[in-house]
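# A closer look at the structure
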Protein chains: 2
Amino acid sequence: MGNRALEDYLKAIYKLAHEGHGAAVGTGAVARALGVSTPSATNMLKRLAAAGLIEHRARRGVTLTPTGEKAALEVVRHHRLLELYLTEALGYSWDTVHAEADRLEHAVSEELEARLDEALGYPTVDPHGDPIPAADGTVRAVRDRPLPSLAPGQAGIVGRVSDADPEKLRYLADLGLVPGAAVTLLDSLPFEGPLRVRVGDAEGSEHVLGRELATDIFVRSAGVDRDPAKGNR
Amino acid sequence: MGNRALEDYLKAIYKLAHEGHGAAVGTGAVARALGVSTPSATNMLKRLAAAGLIEHRARRGVTLTPTGEKAALEVVRHHRLLELYLTEALGYSWDTVHAEADRLEHAVSEELEARLDEALGYPTVDPHGDPIPAADGTVRAVRDRPLPSLAPGQAGIVGRVSDADPEKLRYLADLGLVPGAAVTLLDSLPFEGPLRVRVGDAEGSEHVLGRELATDIFVRSAGVDRDPAKGNR
DNA sequence: TTTTGGTATTAGTCGAGACTAATCATAGCG
DNA sequence: CGCTATGATTAGTCTCGACTAATACCAAAA
Ligand SMILES: [Mn+2]
Ligand SMILES: [Mn+2]
Ligand SMILES: [Mn+2]
Ligand SMILES: [Mn+2]
C-alpha cells in the first residue's frame, strides 16, 4: 500500500520523541518500535526526509518538521478516536482496541474522523488516558509522572497507562488502576523492588506492583485537578 | 500492503460473476473493474490461481474456487456491514458510504465484523439493497430484474440500485427511488428511449428516466413480497 | 593514542503490484 | 480457407518496503 508505512513511521517518531523528552530520535529506536531492521529504517527515514517530513542529521537522529508533526498528529488522532469509539460505541474492552485501531487508522477519511469526533462529543482523552489531538493540531500537554516517582505516602490520580500490552491492561483493570482512579504510594522497596499502593480513596484495597509494571502507570498530583480533559465531556 | 490487492481482485471477480449470470469472468473485465491494465490483471490472476483461490483456464476466463468464494464473501460482508453501519450509526448518506467502506473493508477483523453485525441487529441488506452475506457464507439469492424489463403498467418494488456512482445515488434519492419504494412502469419509449414511471403507491409522483439510469435500478414483483430481508429488522 | 563496541549506513537482493510495448490465440467474417 | 479484430499473455521495467551481509563512524575505555 502507499502511505501506510509512512504514517506508521511518523507516528512512531512522534511517540518516541515525546517519551524521550525533546531529544532527537535514533534510527535504531524507530526500527525497534516498528519491528523492522535498522537498514529498513534508515532507508525509510531518508525518504521521509526527502519528502520534507523529518529532519535527518546523519548519524545524529531524526526530528519531525512542522509538516511531519502535523501528519503524525493526524494519524495519532485517528488512532485515539478509533480506540475511544470502539470502546464506547461497540463495547470493545480497553486491552483489545489498540491492535484494531492500528489497522483502521490508515483508512480513516477526514469525514469519518469528523463523525467519530462528533459521535463521541469531542473528547480529549482516549481510553488509556492519552490525549487526543484536536482537529487543528493542538495537543494537551502531558505532565503525568511515573507512579514510582511519588514519595511514600503521597497520593495521585492515574492519568495514563501504557496501552501496548493487552495482558498488562487486563491486569491493571482488575486492580482498578484505570485513568481517573485515585492511588496512594504506601511504600516502595529499595533496590528497584516492588511498590505497595492503595487503590481508591480512604479505605481502598492494597496491592503490590512490580517495579516495571509501576513504571508504565502515570499519575498526576491528587490536589491539582485542573485537567482540561474533563472540560468538555 | 499484503492482502488488500488480493481481496479487491476476489471481490471484483465475485461481483462480475454474479452480474454476468454464471459465466466465467474475463481478464479484461477484471482489469476494467479495478482500474488496472490487463497485463497487471493477468499477473494477479495467475497468483490467485497459484494460491488456489480461482480456476484460471488460460484465454478462457476465471472462476472462484470454493475457497476463493469464501474469501470473496468475507470481503463483501465487511463492505456491506460497513456501509450499513456508517449510514445507520454515523449518519452517512448512502451516496458516500461506498468509497469509505472500500478502504475500511480490508482492515476489519473478525471481532469488529461480529460487533458491527450485532450492533445492527444482524441485518441482511445493505443501504443499496444488496444482500449482506451471513457469517457462515450464506447469501440470499437476488432475483430482482432491471426496471426496464417490467411490462408497461406493471408495478414493482425497488429492491436494489447500483451503488457505484454517488451522483446517481443522490439523484435517485431525490426521486424517491430507494430500496423498498413502490414503482410502476407507465410506458417506455421505443428505440432505447426513456421510461415514464410512477414512484410511490396510488397517486405517487411521475418521473421520466433515461434508459441507462433505469437499467441500474432493480425491481421485484409488487405482489410477491416474501422478502427475507424484512424478517429481522 | 590505540582498541573496542555500539549504532548507523551502504550494497545488494527480493517479492508485491503496478506499467508499456510487443506478441499470440482465437472467433468470426469475408 | 485464410484474414482480421479482439482480447490475453509475455517480456521487460519500475517503485515501494522489506531483508542480510558488509562497512563506516564515533565515543568511551584501556
Ligand atoms: Mn498503524
Ligand atoms: Mn491508546
Ligand atoms: Mn477495497
Ligand atoms: Mn452497497
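Refer to the preceding data block for the structure.
Quick look at the structure, then.

Criteria and cut-off values
Residues numbered from 1 in each chain as written. Chains lettered and ligands numbered in written order. Predicted model: local features only at pLDDT ≥ 70, side-chain atom pairs only at ≥ 80, totals over all residues. Heavy atoms only, no water. Pairing = 2+ DSSP bridges. Helix = DSSP H or I, 4+ residues; strand = E, 2+ residues; numbered from the N terminus. Contact = heavy atoms within 4.5 Å. Buried area = accessible area lost by both parts, 1.4 Å probe. Salt bridge = Lys/Arg side-chain N within 4 Å of Asp/Glu carboxyl O. Polar contact = N/O pair within 3.5 Å; in protein donor to acceptor, adjacent residues only side chain to side chain. Nonpolar A, V, L, I, M, F, W, Y, C, P; charged D, E, K, R; others polar. Phe/Tyr/Trp six-rings, centres within 6.5 Å; stacked < 30°, edge-to-face > 60°. Lys NZ or Arg CZ within 6 Å of the ring centre and 35° of its normal. Donors = N, O, S within 2.8 Å, 3.2 Å for Na, K, Ca; no water. Buried < 20%, exposed > 50% of the residue type's maximum accessible area, 1.4 Å probe, protein only. Least-squares fit on C-alpha atoms with pLDDT ≥ 70 in both. 1 Å grid on protein atoms, 1.4 Å probe; cavity = no way out; pocket = protein on both sides within 12 Å on 5 of 7 lines; lining within 4 Å. Points joined across faces, edges and corners; volume = space filled by probe spheres on them.

## What about the pairing of strand S2 (residues 61–64) of chain B?
All names here are of chain B. Alignment of strand S1 (residues 54–57) against S2, held across 4 bridges, turns out to be antiparallel. In the strand pairing of S2, His56 is matched with Val62. Here S1 hands over to S2 after 3 residues, with Arg59 in that stretch at a positive phi of 60 degrees.

## What about the interface of chain B and chain A?
Every contact between the two is made by 20 residues of chain B and, on the other side, 19 residues of chain A. Taken over both partners, the interface formed by chain B and chain A buries close to 1600 Å², and the fraction arising from carbon and sulfur atoms is 57%. Linking chain B to chain A there are 0 salt bridges. Put simply, chain B and chain A have 11 residue pairs in polar contact (both at pLDDT 80 or more) between them. For the side of chain B that touches chain A, the secondary structure elements donating two or more residues are helix H4 (66–90), helix H5 (97–104) and helix H6 (110–119) of chain B. Top contributing element to the side of chain B that touches chain A by residue count: H6 of chain B, with 5 residues. Residues of the side of chain B that touches chain A, tallied by class, amount to 12 nonpolar, 3 polar and 5 charged.

## Overview of the packing of aromatic side chains
Applying the stated rule across the entire model yields 0 aromatic pairs over all chains. One Lys or Arg, Arg160 of chain A, reaches over the ring of Phe218 of chain A and ends 4.1 Å from the middle of that ring.

## Some details on the coordination of the manganese ion (ligand 3)
Residue and element names in this part refer to chain B. All of the protein donors around the manganese ion (ligand 3) are Asp8 (OD), Asp102 (O), Glu105 (OE) and His106 (NE2); their distances to the metal are 2.1 to 2.5 Å. Sequence positions of the residues that donate to the manganese ion (ligand 3) give the spacing D-x93-D-x2-E-H. In this pair, Asp8 is assigned in helix H1 (residues 4–19) and His106 in the loop between H5 and H6, connecting sequence segments 98 residues apart. Comparing Asp8 with His106, the two get one shared label, buried.

## Some details on the environment of Ala101 of chain B
All names here are of chain B. Positionally, Ala101 belongs in helix H5. Counting along the chain gives 96 residues from Ala101 to Val197, while the straight-line C-alpha distance between them is 32 Å. In contact with Ala101, not counting residues within four places along its chain, are His79, Leu82, Glu83 and Leu86.

## Thoughts on the sheet that holds strand S8 (residues 217–221) of chain B
Here we have 6 strands laid out as an open sheet, ordered S3-S8-S4-S5-S6-S7 (chain B), and antiparallel in their pairing. At either margin of the open sheet sits one strand with a lone partner, and together these are strand S3 (145–146) and strand S7 (205–209) of chain B.

## Quick word on the relation of the copies chain B and chain A
Expressed as a screw transformation, the operator carrying chain B onto chain A has a rotation angle of 180 degrees and an axial translation of 0.0 Å, and the superposed copies differ by an RMSD of 0.0 Å. In the structure described here, the two chain copies are related by an operation that fits a two-fold rotation axis. Interface overlap between copies: 95% of the residues of chain B at the interface are likewise at the interface in chain A, consistent with a symmetric, same-surface contact.

## Thoughts on empty space enclosed by the protein
With the rule as written, the count across this model stands at 3 cavities of 30 Å³ or more. Looking at the largest cavity, its volume works out to about 180 Å³. Along its surface, the largest cavity is lined by 16 residues, and Leu82, Leu104 and Leu112 of chain A together with Leu82 and Leu104 of chain B are the ones closest to its centre. Every element with two or more residues in the lining of the largest cavity is listed here: helix H4 (66–90) and helix H6 (110–119) of chain A together with H4 and H6 of chain B.

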